[in-house]
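Listed below are the residues making up each chain.
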Amino acid sequence: MKLLLTFFQRFLRHRRNLILGVLCVPLAQGADVGISLLIKDSLRAAREGETDGAPWGVLAIIGALALGHCVMKFFQRWLIVVVSRRFEVELKQQLFDKLTSLTFAFHNRSRSGDVVSRVTSDVENLRMFLGPGLMYTLGAIVIVPLALGVLFVHHGWLTLTMILPMIAMGGIMRALTPGLHKRSTAVQESLADISHRAQENFGGIRVVKGYNREDQQAERFARTSEENRDNQIALGRARGWTHAAVNGSFDLTFVVILIVGGLAAVKSTLPLEDLFLFIDLTIKVFWPLIALGWILGMYPRAVASAERVTELLAEQPEIQDAPDAIEWSEPRGELQFDDVSFAYGATHPKALQNISVTAPAGTTLGVVGPTGSGKTTLLNLIGRMFEPEGTLRLDGHDVRELTLSSLRGALGYVPQDSFLFSLPYHENIRFGADRELSDAEVVSLIERASMTDEVADFPHGMNQLVGERGVSLSGGQRQRTCIARALARDPKVLILDDCVSAVDTETEQKLLGSLRAAGEGRTVVVAAHRLSTVMNADTILVLTEDGRVEAIGTHDELVASDGWYASTWEQQQRRESLRGESPGGTSSGGPA
């Protein structure tokens, strides 16, 4: 309950609507009880012969109360539900902002389906409980004591007998609540499993089909669905007992009224209009109680959702701005790694060990090495995606001394996986810019990324929708589009993570020529498997399989030495010769 109260405080940000909605509740319920009392008095007057003709005055008052009841019901629902929707939007936005602020370490250990479930279904559970749930609870809090007070004034002993089933209902609900909470948590977790399983398969549908694993994945999804089904059935059974307790209490109350009140009416000790009042107000009392039973059944699920959402909100990014962080507005682009090491966890071996290398501003640093040597890890450290041991400096400043926004704002990053958004082609390029780009600027970026001919062939040109993750483009087209996106920022440091691996040699040389021109005046850090990609770099860093420095030098120096670089260059040259292709690229001062 304490967690739910924490979330309810968010409702108080909209006090005006909330207070107005809450005030409508007693007015609506009071009008409803007033109608019952007027009808009861009219029946009494008719029985005693006190009326002459149609009771137009009473009918007018009843009509006015009925209209007021309807208006207040509308506004209580509209005002409170509007607050709950605003709460939902604000909480989802806060969760989204939290998720985007968290580091790779969190996203690496989290399942996307579970995260999506927390942002969607868990937030909806909280909204339903704190919004409509509040409205129904207030209605019950008002109508139950009001109606029972009216009935107690008329016939205290009969009112006391009809309260007994209500007390029994409360005891049953209290006993059932722990089981409901346990089953609600299981349902939420299994729903997250379904979401994760579906998202993973839809995202990897090409792998699933490529390996002919549709039946296998369908079977796994079926098992996950069956687990959710069993949890839902168990929850439904528990909630069924809850509804049975509420409805059973409702029926038992009528049994009491009909037996005790009916016998009293037969003996003329209870007027028929009073019996009507008991039956009418009992119905009006129990409908809110039935809604309250629904809310009590929802309570464990809301608590489980509150715990899951709170757990996510409590996550803190492992990498944050220092209290005295510097806003570096005019970076030059000099990079210096000073004895930098990094491991992905305390129990994992180090991916990088004692790396020391300098890239002066405006130069190109190539990073090569065997698969798994830590090339991508090294590039990720530049933007503080991870926190290493040792010191990494930008323009002489430890990157930990700079604000994340100014540090990352100086970088243009082309990742290895070439991720694109499900947007028009030009929007994916504009995504990288910190300002609005003109169409002419976008066309220039497309040309620099060697995508002019391909974009011209798109049915809708630059407005072509690229599909989720850029699915409608080839691997090479995605890589070149990511390069154009990085260049759109006009960064002082351009980071290229094996960004031409999916293009042919001819396109590679054309693209690298454009990058040499684009790299003038900026620092370029490029990791690659093809050594032809980095052969014209000012400095080349060669890493070993265990993430250590094997050698640092120019292409000519490394080829002349005896080591991994020279042997790999010879192998790649021989392979290119067999294909009848030339590695090309003889100019200096660029990424290739």
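Residues numbered from 1 in each chain as written. Predicted model: local features only at pLDDT ≥ 70, side-chain atom pairs only at ≥ 80, totals over all residues. Heavy atoms only, no water.

Quick notes on helix α5 (residues 112-130)
Given a rise of 1.5 Å per residue, 19 residues ought to cover 27 Å, and the 26 Å separating the end C-alpha atoms of α5 matches this to within 8%. R118 marks where α5 bends most, by close to 35 degrees. (Helix = DSSP H or I, 4+ residues; strand = E, 2+ residues; numbered from the N terminus. Expected span 1.5 Å × (residues − 1). Bend = angle between axes of the 7 residues up to and from the residue.)

What about the packing of helix α6 (residues 132-154) against helix α10 (residues 272-313)?
Two numbers describe how α6 lies on α10: the axes approach to 9 Å, and their chain directions differ by 155 degrees. The pairing of α6 with α10 is recorded here as roughly antiparallel in orientation. The chirality of how α6 crosses α10 is left-handed. Facing α6, whose interface residues are G133, Y136, T137, G139, A140, I143, V144, A147, V150, L151 and H154, α10 presents D274, L277, F278, L281, K284, V285, P288, L289, A291, L292, W294 and I295. In terms of residue class, the contact of α6 with α10 is made up of 17 nonpolar, four polar and two charged. (Axes fitted to C-alpha atoms, helices over the stretch in contact; angles between N-to-C directions. Parallel < 35°, antiparallel > 145°, perpendicular 65-115°, else oblique. Left-handed = near helix turned anticlockwise from the far one by under 90°. Contact = heavy atoms within 4.5 Å. Nonpolar A, V, L, I, M, F, W, Y, C, P; charged D, E, K, R; others polar.)

Quick word on the side chain of S84
On the secondary structure map, S84 appears in helix α3 (residues 56-101). Owing to a relative accessible area of 0%, S84 belongs among the buried residues under this scheme. Those residues in contact with S84 that lie beyond four places of it in its chain are F11, R127, G131 and P132. (Buried < 20%, exposed > 50% of the residue type's maximum accessible area, 1.4 Å probe, protein only.)

Focus on a nonpolar patch on the surface
Residues L67, V71, F74, F75 and W78 make up a contiguous nonpolar surface patch of about 500 Å² in total accessible area. Inspection of the secondary structure puts L67 in helix α3. (Patch = residues over 30% accessible without salt bridge, like charges linked within 9 Å, V, L, I, M, F, W, Y side chains within 5 Å. Areas by Shrake-Rupley, 256 points an atom, 1.4 Å probe, with all protein chains shown as cover. Salt bridge = Lys/Arg side-chain N within 4 Å of Asp/Glu carboxyl O.)

Some points on the confidence of the model for the protein chain
Of all residues in the protein chain, 92% attain a pLDDT of 70 or more, and the chain-wide mean is 83. Mean pLDDT values over the elements of the protein chain span from 67, in helix α17 (residues 505-518), up to 94, in strand β9 (residues 539-543). For residues 582-590, every residue scores under 50 in pLDDT, and the model assigns this stretch 23 contacts once sequence neighbours within four places are set aside. (pLDDT = per-residue confidence, 0-100.)

Let's talk about the pattern of salt bridges
Within this structure, the stated rule accounts for 32 salt bridges. With its nearest N and O atoms 3.5 Å apart, the salt bridge here joins R393 to D338. Of this pair, R393 sits in strand β4 (residues 389-394) while D338 sits in strand β1 (residues 335-343), placing them 55 residues apart in sequence. Residue R393 is classed as partly exposed on the basis of its relative accessible area, which comes to 24%. Beyond isolated ion pairs, a larger network of salt bridges with shared partners links D114, R118, D122, E189, R308 and E311.

Focus on the sheet that holds strand β5 (residues 397-398)
Judged by pairing direction, the sheet is antiparallel, and its four strands sit side by side in the order β2-β1-β4-β5 without closing on themselves. Single-partner strands in this sheet number two, and they are β2 (350-359) and β5. Relative to the sheet, helix α11 (residues 375-382) contacts β1, β2 and β4, its axis offset from that of β1 by approximately 120 degrees. (Pairing = 2+ DSSP bridges.)

Observations concerning the sheet that holds strand β8 (residues 523-527)
Reading across from one edge, β6-β7-β8-β3-β9-β10 is the order of the six strands in this open sheet, with mixed pairing throughout. Of all strands in the sheet, those bounded by a partner on one side alone are β6 (411-414) and β10 (549-553). Between one strand axis and the next, the sheet turns by 15 degrees as a mean value, whatever way the strands run. Where β9 meets β10, four bridges bridge the pair, whose relative direction is antiparallel. By the bridge assignment for β10, I540 is matched with G553.

Some remarks on unusual backbone geometry
Positive phi, normally seen in glycine, also occurs at S450, with a value near 55 degrees. With respect to the helices and strands, S450 occurs in the loop between α14 (439-448) and α15 (452-457). Backbone geometry places D490, a non-glycine residue, at a positive phi of 50 degrees. Here D490 lies in the loop between α16 (475-487) and β7 (493-497). Take D490: its relative accessible area is 57%, and that puts it in the exposed class.

Some remarks on the packing of helix α2 (residues 15-47) against α3
When two helices pack together, their arrangement is given by the angle between their axes and by how far apart the axes lie. Interhelical geometry of α2 versus α3 gives an angle of 155 degrees and a closest axis separation of 7 Å. It follows that α2 is roughly antiparallel to α3 by the angle criterion. Note on packing geometry: the crossing formed by α2 with α3 is left-handed.

A closer look at the nonpolar core
Membership of the largest hydrophobic core comes to 38 residues, with the highest contact counts inside it found for Y425, I429, I446, I540 and Y565. For this core, the secondary structure elements donating two or more residues are α13 (425-430), α14, α16, β7, β8, β9 and α19 (564-579). In terms of residue count, α16 provides more of this core than any other element does, five residues in total. In this structure, Y565 is in contact with V368, L531, V534, M535, I540, V542, E550, H555, L558 and V559, ignoring residues within four places of it in sequence. Counting residues in each nonpolar core, the second largest holds 31 residues, with L4, L126, M135 and L312 among its members. (Core = buried A, V, L, I, M, F, W, Y, C linked by side-chain atoms within 4.5 Å.)

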